[in-house]
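This is what each chain is made of:
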Amino acid sequence: MVLHRGGPVNITYVMDGKSVARHIPRGGVFFLPAGHACNVLLRAPLESTHIYLRSDLFAGPDGLPGVIGGLAPMLGDQDAVLEHLASAIGDTITGGLPASSLFVDPIAQAIANRFVAINFHKPSVEAGKHPNLLSARQMARIREFVDANIDSDIRLDQLAELCGRSTEYFVRLFKATSGVSPYQYVLNLRIERARALLADETLSLAEIALACGFSHQEHFTRMFRRFTGITPGRYRHSH
């Protein structure tokens, strides 16, 4: 796993012959389970912590042999628990603390447990009936829907219905296809739309916030700064 201690930063991942561009905020987590290959193109300097997790950490209390096979890659998602745990290990290095296995091993196990908790799914009957990725047409349908409704509350069940999948199964398919959660995907598009609208000086920040589906200007400012590192106002003046 890689914890992005700096950022935000633009990164391009190449997996299975597909190129995926991501804008990764500070605290974003990259995770590549065994059996997957990924090339990473970093477009700016980035402070990060790299942690290599032994496969036996994913055995689980029941010694499940298929746990690793059920883990999907994570490409920059944020998770407060993983960020805290990885930071604790990183601090032993940057702070010159003794990297004792008595201290590090329990944290590494907790990290593995967290990945299993948030990113593992058992093969199901439904999964066996359908492809384990969304089609290009389904992804295009989702993009069109989000673009058309970006100023409103976009619900998970609406996106799942577009693809004819249950909500739970849709989340797994979407993440396996795009590398991010549906929530992160929609948020990325909201910020993308906001950047375009900020070029229009006649629009106030409050108007842009509502046009991009943010509940109010403060929420918009907080999310925009998390993704870009600066406030919408500073972004407008610098572009």
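Before reading further, recall that the structure is shown in the block above.
Residues numbered from 1 in each chain as written. Predicted model: local features only at pLDDT ≥ 70, side-chain atom pairs only at ≥ 80, totals over all residues. Heavy atoms only, no water.

### What about the environment of Pro 182?
- Following the sequence through the fold, Pro 182 ends up in helix α7 (residues 182–197).
- Judged by its relative accessible area of 5%, Pro 182 falls in the buried class.
- Considering only alpha carbons, one finds Pro 182 and Arg 172, 10 residues apart in sequence, at a separation of 9.6 Å.
- Among residues more than four places away in sequence, those in contact with Pro 182 are Leu 156, Leu 159, Phe 170, Val 171 and Phe 174. (Helix = DSSP H or I, 4+ residues; strand = E, 2+ residues; numbered from the N terminus. Buried < 20%, exposed > 50% of the residue type's maximum accessible area, 1.4 Å probe, protein only. Contact = heavy atoms within 4.5 Å.)

### Quick notes on the pattern of salt bridges
- Taken as a whole and judged by the stated rule, the model has 10 salt bridges.
- A salt bridge links Glu 47 to Arg 5, with the shortest nitrogen-to-oxygen separation between them at 3.7 Å. Taken together, the residues span a long stretch of sequence, with Glu 47 in the loop between β5 (39–42) and β6 (48–50) and Arg 5 in the loop between β1 (2–4) and β2 (9–15) at a distance of 42 residues.
- We classify Arg 5 as buried; its relative accessible area is 16%.
- Salt-bridge contacts for Arg 236 lead to Glu 201; the nearest nitrogen and oxygen are separated by 3.9 Å. One end of the pair, Arg 236, is in helix α10 (residues 232–238); the other, Glu 201, is in the loop between α7 and α8 (205–211), with 35 residues separating them in the sequence.
- According to the relative accessible area criterion, Arg 236 is buried, its value standing at 12%.
- Connected through salt bridges with shared partners, the residues Arg 5, Glu 47 and Asp 91 form a single ionic network. (Salt bridge = Lys/Arg side-chain N within 4 Å of Asp/Glu carboxyl O.)

### Focus: the side chain of Gln 184
- Note on placement: Gln 184 falls in helix α7.
- Once residues lying within four places of it in the same chain are set aside, the contact partners of Gln 184 are Pro 25, Asp 77 and Phe 227.

### Considering the packing of aromatic side chains
- In the structure shown here, the tally under the stated rule is seven aromatic pairs.
- Look at Phe 170 and Phe 174: their rings are 5.6 Å apart centre to centre, the planes differ by 45°, and that puts the pair in the tilted class. Of this pair, Phe 170 and Phe 174 both sit in helix α6 (residues 167–178), four residues apart, which is roughly one turn of that helix. With respect to class, Phe 170 is no different from Phe 174; both count as buried.
- Between Phe 224 and Tyr 235, the ring centres sit 5.3 Å apart and the planes meet at 75°, which makes this aromatic pair edge-to-face. Of this pair, Phe 224 sits in helix α9 (residues 217–228) while Tyr 235 sits in helix α10, and the two are 11 residues apart along the sequence.
- Judged by its relative accessible area of 15%, Tyr 235 is buried.
- Cluster of aromatic residues (ring-pair linked, three or more members): Phe 214, Phe 220, Phe 224 and Tyr 235. (Phe/Tyr/Trp six-rings, centres within 6.5 Å; stacked < 30°, edge-to-face > 60°.)

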